[in-house]
Amino acid sequence: MTKAVTKVEELRPLSQAMRALRRDIHAHPELAFEENRTAAIVAKELAGYGIDVHTGLAKTGVVGTLRAGKGMRSIGLRADMDALPMQEHNHFEHRSRNDGKMHACGHDGHTAMLLGAARYLASTRRFDGVVNFIFQPAEEGLGGARAMIDDGLFDRFPCQAVFGMHNRPSLDIGRFAVRSGPMMAGGAFFDIRVTGKGAHGARPETSVDAALVAAQIAVSLQSIVSRNVAPVDTAVLSVTRIHAGDAYNVIPQTAELGGTVRAFSSEVMQLVERSMKRVAQATAAAFGATAEVDFRLLFSPTVNNPVEAEFAARICAELVGQDKVERSPPLIMASEDFSFMLEQVPGCYLNIGNGLAEGGCEVHNPAYDFNDRALPLGAAFFARAVEAKLALA
Ligand SMILES: [Zn+2]
Ligand SMILES: [Zn+2]
């Protein structure tokens, strides 16, 4: 058996097939947990390559397992499949056929390039162990990764390392960006409900003014990032909504505040949550009111395992050259639910350049399109990662 030496060139013969799949999926976008057509395409393709197919994880998720040799090592490769609820403004042939739905984040491309890698690996089999191809539903804020994990993803399909990739429009084609440690922020929403005592607007002495308490809480919350979070850490706490009262002459009995928190580590996120509860409840108590805090973590921070990040960077460098691998890309304030997989299994999430020409605008823009030239590069990364992780003796 020949030793593993996958180069981008070896994936080029699959470019046309990946492009056709990508454009077909782009033309038929499906929203979170409704990716039935997309999942059926994925399952059919994987089966056609001779890969074992497991459907129905987190409703529309699909896992393909491919074994070569008798080795006990395993790896997970993940792509997301869902589109966004927005209208596409493009006019090219493969534009969305589904009104109000669009692949504006490039998950069509992520799915196609993982299928390309699966096809390649199934035909070459220059590795020893098990590859799990994970096709995830509902990345865009509806918890697909967590749902797959809750459905037993890593119990049924153990992985010693897991890798995922997202296109990045501002990064040239042929470039990768890999960060060790924190990469993307975790995100939480919060609601605070203040209860005081309503009264006539002209008789404040009989009230506990919930509007005044809410205002004090909003101000005091701003001390958390500036006074509790260490200056070298990064966090955002934004109060984005305040509601109290209906009438000019009624002091409101209740008031509500809400907003969002972003942070790059679970420790900082927990510190903000604890501090928020303390500040809100104690501030309310100081005025004779009470406050209830509902803090909901939607995304964990995306934190790459340092060893796996080094590994991923090395694989990228082997494919495109060291000078085309950015090792210190800026932290991204947006969130990504691959973070939940990284909490279970060591791994790395990286960015692949989407270029500036085609798809020259940001993701989530109505004129966005995944760049088909990235397909063989992404597929080559996945294939090479498998051959290196599960290397033949
Ligand atoms: Zn997105
Ligand atoms: Zn995305």
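In this report, we go over the structure that sits alongside the text. Numbers given to residues run from 1 along each chain, matching the order in which its sequence is written. Lettering of chains starts at A and numbering of ligands starts at 1, both following the order in which they are written. A pLDDT threshold of at least 70 governs which residues receive local features in this predicted model, and a stricter bar of 80 or more applies before side-chain atom pairs are shown or counted, although totals over entire chains, interfaces and linings include all residues. The basis for every side-chain value is the complete set of non-hydrogen atoms in the structure, without hydrogens or water.

## Quick look at the packing of aromatic side chains
Thinking step 1. Centre distance within 6.5 Å is the pairing criterion for rings of Phe, Tyr and Trp, where only the six-membered ring of Trp is used; planes under 30 degrees apart are then read as stacked, over 60 as edge-to-face, and the remainder as tilted. Inspection of the entire model under this criterion finds 5 aromatic pairs.
Thinking step 2. A ring pair is formed by F163 and F381, whose centres lie 6.3 Å apart and whose planes are at 70°; its orientation type is edge-to-face. Highlighted residues: F163 in strand β5 (residues 162-168) and F381 in helix α11 (residues 375-389), separated in sequence by 218 residues. With respect to burial, F163 and F381 carry one shared label: buried.
Thinking step 3. On the numbers, 6.3 Å between centres and 40° between planes, the contact of F176 with F381 is tilted. Of this pair, F176 sits in strand β6 (residues 176-177) while F381 is found in helix α11, placing the two residues 205 residues apart along the sequence.
Thinking step 4. Through a chain of ring-to-ring contacts, the aromatic side chains of F163, F176, F311, F381 and F382 assemble into a single cluster.
Thinking step 5. In this arrangement the basic side chain of K389 is found over the ring face of F311, its NZ or CZ atom lying 4.5 Å from the centre. Numbering of helices and strands starts at the N terminus; helices are DSSP runs of H or I of at least 4 residues and strands are runs of E of at least 2. A simple rule labels every residue: compare its accessible area, found with a 1.4 Å probe on the protein chains alone, to the largest value its type can have, and call it buried under 20%, exposed over 50%, or partly exposed in between. Charges are assigned to positions over rings by a cutoff of 6 Å between ring centre and Lys NZ or Arg CZ, combined with an angular limit of 35 degrees from the ring normal.

## Brief notes about the coordination of the zinc ion (ligand 1)
Thinking step 1. Distances decide who is a donor: an N, O or S atom must be within 2.8 Å of the metal, or within 3.2 Å for Na, K and Ca. Water is not included, so sites may look incomplete. Protein ligation of the zinc ion (ligand 1) involves C105 (SG), E140 (OE), E140 (OE) and H364 (NE2), the donor distances falling in the range 2.0 to 2.7 Å.
Thinking step 2. Of note is the zinc ion (ligand 1), whose 4 donor atoms meet at the metal with angles of 52 to 151° in an arrangement that counts as irregular.
Thinking step 3. A separation of 3.1 Å is found between the zinc ion (ligand 1) and the zinc ion (ligand 2), both of which receive a donor from C105. A residue pair is termed long-range when its members are at least 10 positions apart, and C105 in the loop between β3 (74-80) and α4 (107-124) and E140 in the loop between β4 (129-136) and α5 (144-150) qualify at 35 residues. Geometry is assigned from the angles between donors: four donors with all angles from 85 to 135 degrees make a tetrahedral site, four or six donors whose opposite pairs exceed 155 degrees while the rest stay between 65 and 115 make square planar or octahedral sites respectively, and everything else is labelled irregular.

## Examining the sheet that holds strand β10 (residues 235-244)
Paired through backbone hydrogen bonds, the strands of a sheet run either parallel or antiparallel to each other.
Thinking step 1. Spatially, 4 strands are ordered β10-β12-β8-β13 in an open sheet, and the strand pairing comes out antiparallel. Sheet topology places β10 and β13 (290-299) at the edges, where each strand pairs with a single neighbour. For this sheet, the mean angle separating the axes of adjacent strands, direction not counted, is 15°.
Thinking step 2. Relative to β13, strand β8 (residues 186-195) runs antiparallel, the two sharing 9 bridges. By the bridge assignment for β13, G187 is matched with F299.
Thinking step 3. Only heavy atoms matter for contacts: two residues are in contact if any of them lie within 4.5 Å across the pair. Lines fitted to C-alpha atoms define the axes here, with helix axes fitted over just the stretch in contact, and angles between the N-to-C directions of these axes take values from 0 to 180 degrees. Running at roughly 175° to β10, helix α7 (residues 210-228) makes contact with β8, β10, β12 (254-263) and β13 of the sheet. Strands were regarded as paired on the criterion that DSSP finds at least two bridges between them.

## Focus on the pattern of salt bridges
Where side chains of opposite charge bring their charged atoms close, a pairing between them can arise.
Thinking step 1. For salt bridges, the criterion is a side-chain nitrogen of Lys or Arg within 4 Å of an Asp or Glu carboxyl oxygen. Evaluation of the coordinates by the stated rule reveals 22 salt bridges.
Thinking step 2. As a salt-bridge pair, R193 and E256 come within 2.5 Å of each other at their nearest N and O atoms. You can see R193 sitting in strand β8 and its partner E256 sitting in strand β12, a full 63 residues away along the chain.
Thinking step 3. On the accessibility criterion, E256 (35% relative accessible area) is partly exposed.
Thinking step 4. One salt bridge connects E318 with R384, and the closest N-O pair in it is separated by 2.9 Å. On the criterion of sequence distance, the pair formed by E318 in helix α9 (residues 306-320) and R384 in helix α11 is long-range, its members being 66 residues apart.
Thinking step 5. For E318, a relative accessible area of 32% puts it in the partly exposed group.
Thinking step 6. Residue R384 is classed as buried on the basis of its relative accessible area, which comes to 12%.

## Comments concerning the pairing of β5
Thinking step 1. In terms of burial, β5 is a largely internal element, 7 of the 7 residues being buried.
Thinking step 2. Alternating residues of β5 divide into V162, G164, H166 and R168 and F163, M165 and N167, and every residue in both groups is buried.
Thinking step 3. Here β3 pairs with β5 via 3 bridges, running parallel. What sits directly across from L77, in β5, is F163.
Thinking step 4. Sheet analysis places β5 next to strand β16 (residues 347-353), joined by 7 bridges and oriented parallel. Paired with N167 across the two strands is I352, which belongs to β16.

## With respect to the packing of α7 against helix α8 (residues 266-286)
Thinking step 1. Two numbers describe how α7 lies on α8: the axes approach to 9 Å, and their chain directions differ by 145°. Considering how the two elements wind past one another, α7 and α8 form a crossing that is right-handed. The segment α7 lies against α8, with V213, Q216, I217, S220, L221, I224 and N228 engaging L271, V272, S275, M276, R278, V279, A280, T283 and A284.
Thinking step 2. When residues are sorted by character, Ala, Val, Leu, Ile, Met, Phe, Trp, Tyr, Cys and Pro go into the nonpolar class, Asp, Glu, Lys and Arg into the charged class, and all the rest, Gly among them, into the polar class. Grouping the amino acids of the contact of α7 with α8 by side-chain chemistry returns 10 nonpolar, 5 polar and 1 charged. Two helices crossing with the near one rotated counterclockwise from the far one by less than a right angle form a left-handed crossing, whereas a clockwise rotation gives a right-handed crossing.

## Some words on the packing of α4 against α11
The geometry of a pair of packed helices is captured by two quantities: the angle between their axes and the separation between those axes.
Thinking step 1. For the pair α4 and α11, interaxial distance at closest approach is 8 Å and the crossing angle is 45°. It follows that α4 is oblique to α11 by the angle criterion. Crossing handedness for the pair α4 and α11: right-handed. Across the interface between the two elements, G109, A112, M113, L114, G116, A117, Y120, L121 and T124 of α4 pack against L375, G378, A379, F382, A383, V386 and E387 of α11.
Thinking step 2. Here the residues of the contact of α4 with α11 sort into 11 nonpolar, 4 polar and 1 charged. Note on angle classes: values under 35 degrees are labelled roughly parallel, values over 145 roughly antiparallel, values of 65 to 115 roughly perpendicular, and the remainder oblique.

That's the geometry; what it means functionally is another story.
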